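Residues per chain are reported as follows:
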Amino acid sequence: MTSLRTILHVDMDAFFASVEQLDDTELRGRPVLVGGRGKRGVVAAASYEARAFGCRSAQPTAVALRLCPDAVVVKPNGTRYREISTQVFEILGSFSPLVQPISVDEAFVDVTGSAGLFGDGVAIAHAVRERIKNETQLTASVGVAPNKFLAKLASDLDKPDGLVVIAPDRIHDMLDPLPVGRLWGVGKASEARLARLGLRTIGDIRAMDESSLVANLGERTGRHLARLARGEDDRPVHSDREAKTISHERTFGEDLTEADEVRAVLLGQVEDVGRRLRAHGRVAGTVTLKIRYGAFETITRSGTLGSKSDRTDDLWAEALGLFDRWASGSFRPVRLIGMGAGQLSEPGGEQLGLFAGESDEKRTRVDEATDAIRAKFGDDAIRRAGAWSRKRAQWGPGSEEREGDAS
């Protein structure tokens, strides 16, 4: 293993639903679903009261209501969620400059260099949870471990309002009894495939010779699972400012079977990545698309921008082109979609495109105006439209849609 670090994974508990219960006392103790009620409505978050009935995020709202007919469906309030998210990230940043956001409600924090100021990782985790509870009246679950994989796994072991520590000398004791589904990249189909090989726990995988794993699962997957089963993960925690790439990805509870649905999610990811680039003063030279469509079946596709850019429309044109070229030849139901911007650098010195001019300035002003509105009123106050035709995208990044206008 690489030199030991101390990593926290901080995960707000049922974040959207918890915020709604905080703001509306009548929802406290009741099953709450945050999401849309329409024919194609999807649950964005389920309170723990609703989860007891089998409700979960990314589930069709109609299915969740069949499982829990008494659940209260609440429309998402992105402005409010972003407000509290900002508070949480300010708390995390007060303990370490190395905070890597994963989404609005979770992050990795490298506190290796913070021990002199705040104590060891466990002491910092206690302090983080206490401050979050005192300042937001919400709870967070925290995992403490020597790497990101273990910290993420730890935070999931005792939710809600939990704190789990995986010490370096107890890694195998903690991991071996856990089901293989706890490993990154192992879904239900993958779990069944591993079970056919007699691999039901992480300990089973660790006990199998790595060459046998490779022979049965392939080079990449076999070595990936062998490393995780040993508790190994050498990825550092990067803030957006230091990162070599800025990315966003989403795993779906149920595979998306329509390419247009995936495009709509991808557009939101492009907007998020573009906003983060501009917020941290970075421009990107490449765009990478990540698609997972089956058991261990993950592909990546990359493209180079004509000139380095932080503009949403430039990122979107490349990301959409990459996706459409894949989808036109072999679209399969998608389990995960992710988009990343790479080859980051400081702005300045980018070669102007052949037709750069007034239209480019207008598109830059659109991004600036959109970022300003989101900074003041929240990410959902204004966004690109997600309306699609069967044949092609009818709306591109230049078309804004205000909150409440979405179908």
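Here, every reference points to the structure presented above.
Note that this is a predicted model, so its numbers are computed, not measured.

**Here we look at the packing of aromatic side chains**
Throughout the structure, instances matching the rule amount to eight aromatic pairs. Residues Phe 149 and Trp 184 carry aromatic rings whose centres are separated by 5.5 Å and whose planes lie at 65° to one another, so their mutual orientation is edge-to-face. One end of the pair, Phe 149, is in helix α7 (residues 148–156); the other, Trp 184, is in the loop between α8 (171–175) and α9 (188–196), with 35 residues separating them in the sequence. In this structure an aromatic cluster arises from ring pairing among Tyr 293, Phe 323, Trp 326 and Phe 331.

**Some thoughts on the sheet that holds strand β1 (residues 7–12)**
Here we have five strands laid out as an open sheet, ordered β5-β6-β1-β7-β8, and mixed in their pairing. One side of each edge strand has no neighbouring strand; the edge strands of this open sheet are β5 (99–103) and β8 (163–165). Pairs of neighbouring strands in the sheet enclose a mean axial angle of 15°, with direction left out of account. With six bridges connecting them, β1 and strand β7 (residues 140–145) associate as antiparallel partners.

**A short note on unusual backbone geometry**
Cis geometry marks the peptide bond from Lys 159 to Pro 160; its omega dihedral reads -5°. Its identity as a non-glycine residue notwithstanding, Gln 137 has a phi of 65°, on the positive side. Within the secondary structure, Gln 137 is located in the loop between α6 (121–136) and β7. Look at Asp 161: it is not a glycine, yet its phi comes out positive at around 55°. By the element assignment, Asp 161 lies in the loop between α7 and β8.

The rules we used
- Each chain has its residues counted from 1, following the order in which its sequence is written.
- pLDDT decides what is reported in this predicted model: residues at 70 or higher carry local features, side-chain atom pairs at 80 or more are listed and counted, and totals for whole chains, interfaces and linings draw on all residues regardless.
- Remark: hydrogens and water are excluded; side-chain values derive from all non-hydrogen atoms of the structure.
- For Phe, Tyr and Trp, where Trp contributes only its six-membered ring, two rings pair if their centres lie within 6.5 Å, and the inter-plane angle classes them as stacked under 30 degrees, edge-to-face over 60, or tilted in between.
- The helix and strand labels rest on DSSP assignments: H or I over at least four residues marks a helix, E over at least two residues marks a strand, and numbering proceeds from the N terminus.
- Criterion used throughout: strands pair if DSSP finds at least two bridges between them.
- Angles shown run from 0 to 180 degrees and are taken between the N-to-C directions of axes, each axis being a line fitted to C-alpha atoms and, for helices, limited to the stretch in contact.

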